[in-house]
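Spelled out from the first residue to the last, the chains are:
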Amino acid sequence: MVLPPFLALVTGLWGIRRGGSLWQDEAVTYDMAHRTLPDLWGTLGDTDAVHGLYYLFMHGVFHLWDGGLLTLRLPSVLAMACAAMGVAAVGRRLAGPRAGLAAGVVFTLLPTVQRYTQEGRSYALVTALVVGETWILLRACTDQGRHRRRGWWAGYAALAAVSGLLHEFALLALVAHGVALLAARLPRALVVAWAASCCCAVVTVTPLVLLSLRQSRQVAWIDVSVSGDVLGFVLNTVVGLACLAVRRPASAACPGAGLGTLALPLLVMPPALLLLASAFKPLYVDRYVLYAQAGLALLAGAAFDALWMSLRARAVLLLATSAAALIALVPVGTHLRSSESRSDDVAAIGRAVRQTTAPGDGVLFLPGSRRVWSLQQEPSSYGGQDLALSASPTASRTLYGTELPPADIRRRILDVSRVVVVREPTRERHEMNAREEAKKATLRAYFTRCAHTAVDTAHIDVYVRGGHC
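What counts and what doesn't
Residues numbered from 1 in each chain as written. Predicted model: local features only at pLDDT ≥ 70, side-chain atom pairs only at ≥ 80, totals over all residues. Heavy atoms only, no water. Helix = DSSP H or I, 4+ residues; strand = E, 2+ residues; numbered from the N terminus. Buried < 20%, exposed > 50% of the residue type's maximum accessible area, 1.4 Å probe, protein only. Salt bridge = Lys/Arg side-chain N within 4 Å of Asp/Glu carboxyl O.

Visitor: Please set out the overall build of the protein chain residue by residue, giving values where relevant.
Guide: On a plain count of helices and strands, the protein chain comes out with 20 helices and seven strands. Dimensions of the protein chain along its principal axes, counting C-alpha atoms only, are 75 × 50 × 45 Å. The proportion of buried residues among the 469 residues of the protein chain is 53%.

Written out as structure tokens, the structure is:
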């Protein structure tokens, strides 16, 4: 119970500043957390409400201690340490101490877990809460005292509601728990109690879901790929099934239920449901269901326990697992803690734009949402003019600020002789409108592209008025 969270803390604090790099979503967290509560509340009414509770939480954290990147990422480190302890506790309860220890260690070393342990977003907190729900579910199934059992179900509903308010796709874990309960053939009273707890959580989160549906433009950029997303899900499932095949029979906490009965649905159901939903509207991103990795870790821990009990050459098993841990920590872990490990490093893009822009130059963001790259340093701070900007993100209570009408954007572009264009082609295809068309049409008609630089997914082009560079 001690080693997994300790390991999570050590790996989380190792290189936590990542060379001063800042991923664009983290830049949004930093910006939103530093807004006043009225500004923050006004922004959430228009956009990004799905992350509203997390922004409010981080606002309080920064109010207590504004330590920059360390403050931004430390809550995720602590949350993932709690999640590692929870995974170990669930594994121990279902398959014994050795399986629990192995599951907690595996969970901590998974590359995806290592990545989001060090990110200033809500996914680590959601994972910790879902793992906590899972442990409470086991207690609710096994506690013989009626009053204590009611307390466990109340705690289950509370954690499910909070996790859903942090990120609404956390509710998909409830489906996995339901499948596990039905597969375990538990008494009807337990299933009814679980359903009642789920209803309480869903009712609590429903207003957020309805509000986020009105803000669905926020996820217009998602594009589910067969070679990446679907293949990754299939590989995870295959590994989980392979671990399930080699595990030894475990003493179940719930009558008739084993570790696989709970861990496999947790691994498979949330991402599978999100992938199915993506057939109608692309919504699947692996970090949205990061907590499913807890199911993989539980199955891997049980498989390690089974191999330990059945193999005579335990030294070989220890050697193989040590080599896997070394790979996860050295080449993989070192890369995850480098500034090159994330796309859209706001710090690197900001430096490139600042070095390209001369005093008096105009700056255009294509599309306007790419203004997120300037949240840490606006063009006006180094002599540039944001040609399309009408009101700043804070003043307009939006994520990326508001832009002028197309005619005014065109007039402002024609007022300067040199324009630095900061664009992301993929986003341009998803976020085209009259303003974006006006920017591109004016550049095509009156300017010549004279220079091009690429930083991550950002393309930085220099346009000069007239036909000569």
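Visitor: Report on unusual backbone geometry, specifying residues and quantitative values.
Guide: Here the residue pair Leu366 and Pro367 is connected by a cis peptide bond, since its omega of -10 degrees sits within 30 degrees of zero. By the secondary structure assignment, Pro367 is in the loop between strand S1 (362-366) and strand S2 (385-386). One non-glycine residue, Asp48, adopts positive backbone phi at about 60 degrees. Residue placement: Asp48 occurs in the loop between helix H3 (37-44) and helix H4 (52-64). Given a relative accessible area of 8%, Asp48 falls into the buried group. Its identity is not glycine, yet Arg397 carries a phi of approximately 55 degrees, on the positive side. Relative to the helices and strands, Arg397 resides in the loop between helix H17 (393-396) and strand S4 (402-403).

Visitor: I'd like a description of the pattern of salt bridges, backed by residues and values.
Guide: Taken as a whole and judged by the stated rule, the model has 22 salt bridges. With a shortest N-O distance of 4.0 Å, Glu424 and Arg427 are connected by a salt bridge. For the pair formed by Glu424 and Arg427, the shared burial category is buried. Linking Lys440 and Glu428 is a salt bridge whose minimum nitrogen-to-oxygen distance equals 3.4 Å. One end of the pair, Lys440, is in helix H20 (residues 434-446); the other, Glu428, is in helix H19 (residues 425-430), with twelve residues separating them in the sequence. Taking relative accessible area as the criterion, Lys440 reaches 23% and is therefore assigned partly exposed. Under the relative-accessibility criterion, Glu428 is labelled buried at 8%.

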